[in-house]
Amino acid sequence: MNGNINSSDDGSVMVRTAQQSQYTCHADDEKLSTAVIMALAEVAGGDPAKIGMPLYDAIDPDALDNLFSDKHDGTPRMGGKVVFDILHYQVTVHSYGQIVIEELD
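Residues numbered from 1 in each chain as written. Predicted model: local features only at pLDDT ≥ 70, side-chain atom pairs only at ≥ 80, totals over all residues. Heavy atoms only, no water.

### Observations concerning the overall build of the protein
Then step 1. In terms of helices and strands, the protein carries three helices and six strands.
Then step 2. Ordering the α and β elements of the protein from the N terminus gives β-β-β-α-α-α-β-β-β.
Then step 3. Relative to its 105 residues, the protein shows a buried fraction of 38%.
Then step 4. Here the analysis covers contacts within the protein between residues at least 6 apart in sequence; of these, 38% occur between residues at least 24 apart.
Then step 5. Of the roughly 6600 Å² of accessible surface on the protein, 48% is carried by carbon and sulfur atoms. (Helix = DSSP H or I, 4+ residues; strand = E, 2+ residues; numbered from the N terminus. Buried < 20%, exposed > 50% of the residue type's maximum accessible area, 1.4 Å probe, protein only. Contact = heavy atoms within 4.5 Å. Areas by Shrake-Rupley, 256 points an atom, 1.4 Å probe, with all protein chains shown as cover.)

Here it is, written out as structure tokens:
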């Protein structure tokens with residue numbers, strides 16, 4: 001893939017190509033919904049507080065946080081992802097905490 005790759009100290013990576021822009025980061029110790037809001041704010045250049053409200057229109061933040069939470073016996077859930085559109089982006093959240101944000105055409 002030819003393009004510009006920018007990375008930051010938090011491990012997030014923004015890849016811009018002629019065809020698309022993709023932002024990848026990982027939710028570490030924060031809730032998935034918070035990580036998604038912060039990632040969208042970084043990509044869109046907006047205020048995280050303002051982005052939090054449209055998240056409710058795209059997906060229930062509590063459901064997103066609970067979707068990949070540990071099982072009742074404490075073991076992590078393996079596999080799976082959820083994909084939704086918000087603002088002008090498609091967001092993919094993987095069970096292992098990776099968040100991929102792609103611009104929609």
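### Regarding the nonpolar core
Then step 1. Core analysis: the largest hydrophobic core is formed by 24 residues, its most contacted members being V36, L40, F84, V91, V93, I99 and I101.
Then step 2. Only β3 (21-26), α1 (32-44), α2 (48-58), β4 (81-86), β5 (89-94) and β6 (98-103) provide two or more residues apiece to this core.
Then step 3. For this core, the element with the highest residue contribution is α1, accounting for eight residues.
Then step 4. In this structure, F84 is in contact with V36, L55, A58, I59, Y89, Q90, V91 and V93, ignoring residues within four places of it in sequence. (Core = buried A, V, L, I, M, F, W, Y, C linked by side-chain atoms within 4.5 Å.)

### Things to note about α2
Then step 1. Within α2, the full set of buried residues consists of I51, G52 and L55. For α2, the buried positions fall inside an angular range of 115° around the axis, keeping them on one side. Exposed side chains of α2 directed beyond 90 degrees from the buried face belong to A49, K50, M53, Y56 and D57.
Then step 2. Where α2 is buried, its residues meet α1, α3 (61-67) and β4. (Arc of directions from axis to C-beta.)

### What to know about unusual backbone geometry
Then step 1. Although it is not a glycine, L87 sits at a positive phi angle of roughly 55°.
Then step 2. When you line up the elements, L87 lands in the loop between β4 and β5.
Then step 3. Accessibility expressed as a relative area gives 44% for L87, which makes it partly exposed.

### Things to note about the packing of α1 against α2
Then step 1. Running from amino to carboxyl end, α1 crosses α2 at an angle of 120°, the nearest separation of the two axes being 9 Å. It follows that α1 is oblique to α2 by the angle criterion. The chirality of how α1 crosses α2 is right-handed. Between α1, through S33, V36, I37, M38, L40, A41 and A44, and α2, the contact on the second element is made entirely by P48, I51, G52 and L55. (Axes fitted to C-alpha atoms, helices over the stretch in contact; angles between N-to-C directions. Parallel < 35°, antiparallel > 145°, perpendicular 65-115°, else oblique. Left-handed = near helix turned anticlockwise from the far one by under 90°.)

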